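Survey of secondary and tertiary structure
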Amino acid sequence: MKTISCFVGASVVFAILDLAIPHQAVATVMDYHDFVQSYGDTLVQYDFDGSTEVERREDKKGSNDLVQKTTTSYDLNGFDSSSQAVEGGFFTTSAIGLPTTVSFEAIIKPEAVTSGHYLAGAYSGNDDRSYFGVQDNYGTDTDRLFAAVGTSYGNSADIVSPYDAGDWYYFAVTMSYDSGSNATTMNTYVANLSDGATSLVHTSTNVVKAGTFQTSIAHGIGLLNHAGSASSSFVGTIDEISFYSGVKDQDFFQANLDRIATVPEPSSLLLALLALGGLGIVIRSRR
């Protein structure tokens, strides 16, 4: 009997792998916004993608395009190479027309702040605050991100506190208004994309605060629409903004996070081939 020993290098392994295993696409922001833009409950969707400033301000679901209100930087790097992002502030062309139950999502990279700044918000002056993302730093709070509604700026529900300035986050907020009690119930969810998080944290659960989030004025995106005046621009980078009718559950948001940031697990064949590539193969033959 004769034994022939040979080492199978990584290049050989991956050549075999390329033939043996169908290619799988890694999840991207594009996968996420393609879903959102085709989803029936989406109210508005802003991905800030396009070859012109007009295209980047378009509502990719309908016709409620954005009107620029501050100095704006377009065509910035999004969370991944499939998307563009923006720094700046806008108003929606018209009021979004929020129903009594609504959900909100965003992909953002917030920076450190010393006062209140708004990712998405509207306030007509009639106790109808609609703050889907506020970053603030006050009292004992440092770089806090929260949602707030109704009769007071303090009617809040934490999204993440503190956030890590300069990290990318995916987060979601749901709001449900009960006219009988004149109160809004909020839930919030978050994942730090820069940390590689693939599971949501349900940060605030069924937080009830007085007042409504429904408003008859346009929403600020990247700032606050304070009774018609642009105020307190968001400090950071915005990749995606989405509004839905209805309160979505954690499974819905987890599925969207999976569309953004999930990397397919290696198959058993891949693991076996990698093991062979590292250890070598002994081939035995008889003569």
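Preceding this section is the structure that the text describes.
Residues numbered from 1 in each chain as written. Predicted model: local features only at pLDDT ≥ 70, side-chain atom pairs only at ≥ 80, totals over all residues. Heavy atoms only, no water.

A closer look at the overall build of the chain
Heads up, the condition is: Comment: elements are numbered from the N terminus, with helices defined as DSSP H or I runs of at least four residues and strands as E runs of at least two. The buried label applies to any residue whose accessible area, calculated with a 1.4 Å probe on protein chains only, is under 20% of its type's maximum; exposed applies above 50%, and partly exposed to all values in between. What makes two residues a contact is simply this: any of their non-hydrogen atoms within 4.5 Å. The Shrake-Rupley method, run with a 1.4 Å probe sphere, supplies the accessible areas, and residue values consider only the shown protein chains as cover.
Assigned secondary structure in the chain consists of five helices and 19 strands. Here the chain, with 287 residues, has 47% of them falling under the buried criterion. Within the chain, contacts between residues at least 6 apart in sequence are counted, and of these 66% link residues at least 24 apart. Carbon and sulfur atoms make up 51% of the accessible area of the chain, which amounts to about 12,700 Å² in all.

Focus on the environment of Thr 114
Mapped onto the elements of the fold, Thr 114 is located in the loop between β7 (101–110) and β8 (117–123). On the basis of relative accessible area, Thr 114 is assigned to the exposed category, the value being 70%.

Examining helix α2 (residues 29–38)
Stated precisely, the cut-off is as follows: The directions from the helix axis to the C-beta atoms form the arc being described.
Every buried residue of α2 is accounted for by Val 29, Tyr 32, His 33 and Val 36. The buried residues of α2 occupy one face: seen down the axis, they fall within an arc of 85°. Against β2 (42–46), β7, β18 (236–245) and α4 (250–261) lie the buried residues of α2.

A word on the packing of α2 against α4
Each packed pair of helices is defined by two parameters, the angle between the axes and the distance between the axes. Applied cut-off: In this analysis an axis means a line fitted to C-alpha atoms, helices contributing only their contacting stretch, and an angle means the value between N-to-C directions, from 0 to 180 degrees. Working rule for angles: under 35 degrees goes down as roughly parallel, over 145 as roughly antiparallel, 65 to 115 as roughly perpendicular, anything else as oblique. Note that Gly is not counted as nonpolar here; it falls among the polar residues with everything else outside the nonpolar set of Ala, Val, Leu, Ile, Met, Phe, Trp, Tyr, Cys and Pro and the charged set of Asp, Glu, Lys and Arg.
The geometry of α2 relative to α4 is characterised by a closest axis approach of 6 Å and an angle of 135° between their N-to-C directions. Taken together, the axes of α2 and α4 are oblique relative to one another. The segment α2 lies against α4, with Val 29, Asp 31, Tyr 32 and Phe 35 engaging Phe 252, Asn 256, Arg 259 and Ile 260. Of the residues assigned to the contact of α2 with α4, the class counts are five nonpolar, one polar and two charged.

So, the side chain of Thr 184
The cut-off we apply is this: Polar contacts, as counted here, are pairs of nitrogen or oxygen atoms within 3.5 Å of one another; within protein the pair requires one atom able to donate a hydrogen and one able to accept it, and residues that are adjacent in sequence qualify only if both atoms are side-chain atoms.
Summarising the element assignment, Thr 184 is placed in strand β13 (residues 183–192). Residue Thr 184 is classed as buried on the basis of its relative accessible area, which comes to 0%. Among the polar contacts listed, one links the side chain of Thr 184 to the backbone oxygen of Gly 211, at a separation of 2.7 Å. In this structure, Thr 184 is in contact with Val 149, Met 175, Ser 176, Tyr 177, Val 207, Val 208, Lys 209, Gly 211, Thr 212 and Phe 213, ignoring residues within four places of it in sequence.

As for the pairing of β7
Quick note on the threshold: Between any two strands, pairing holds if DSSP finds at least two bridges.
Burial runs high along β7: eight of the ten residues are buried. In this structure, β7 lies alongside strand β12 (residues 169–178), joined through eight bridges in antiparallel fashion. Across the sheet, residue Ser 103 finds its bridge partner in β12, namely Thr 174. Sheet topology note: the β7/β18 ladder contains nine bridges and is antiparallel. Residue pairing across strands places Glu 105 opposite Ser 242, the latter belonging to β18.

Some words on the nonpolar core
For clarity, the cut-off: Think of a nonpolar core as a cluster: buried Ala, Val, Leu, Ile, Met, Phe, Trp, Tyr and Cys residues, connected wherever their side-chain atoms sit within 4.5 Å.
Counting residues in each nonpolar core, the largest one holds 37 residues, and the members touching the most others are Phe 104, Phe 171, Ile 241 and Phe 243. Of all the elements in the fold, those that place two or more residues in this core are β2, β7, β8, β10 (144–150), β11 (156–160), β12, β13 and β18. In terms of residues, this core owes the most to one element, β12, which gives five residues. Core analysis: the next-biggest nonpolar cluster, separate from the first, contains 18 residues, Tyr 32, Tyr 170, Tyr 244 and Ile 260 among them.

Looking at the packing of aromatic side chains
For any pair of aromatic rings, geometry is given as the distance between the ring centres together with the angle between the planes. The condition that has to hold: Two rings from Phe, Tyr or Trp (for Trp, the six-membered ring) form a pair when their centres are within 6.5 Å of each other. A pair whose planes differ by under 30 degrees is stacked, one over 60 is edge-to-face, and the rest are tilted. Throughout this description, the term charge over a ring refers to an Arg CZ or Lys NZ atom that lies within 6 Å of the ring centre and within 35 degrees of the ring normal.
Taken as a whole and assessed by the stated rule, the structure comprises 18 aromatic pairs. When the centroid spacing of 5.2 Å and the interplanar angle of 45° are considered together, the rings of Tyr 189 and Phe 253 count as tilted. With Tyr 189 in strand β13 and Phe 253 in helix α4, this pair connects stretches of sequence that are 64 residues apart. Both residues of the pair, Tyr 189 and Phe 253, belong to the buried class. By way of ring pairs, the aromatic residues Phe 35, Tyr 39, Tyr 189, Tyr 244, Phe 252 and Phe 253 are connected into one cluster. Sitting over the face of the ring of Phe 146, Arg 144 holds its NZ or CZ atom 4.2 Å from the ring centroid.

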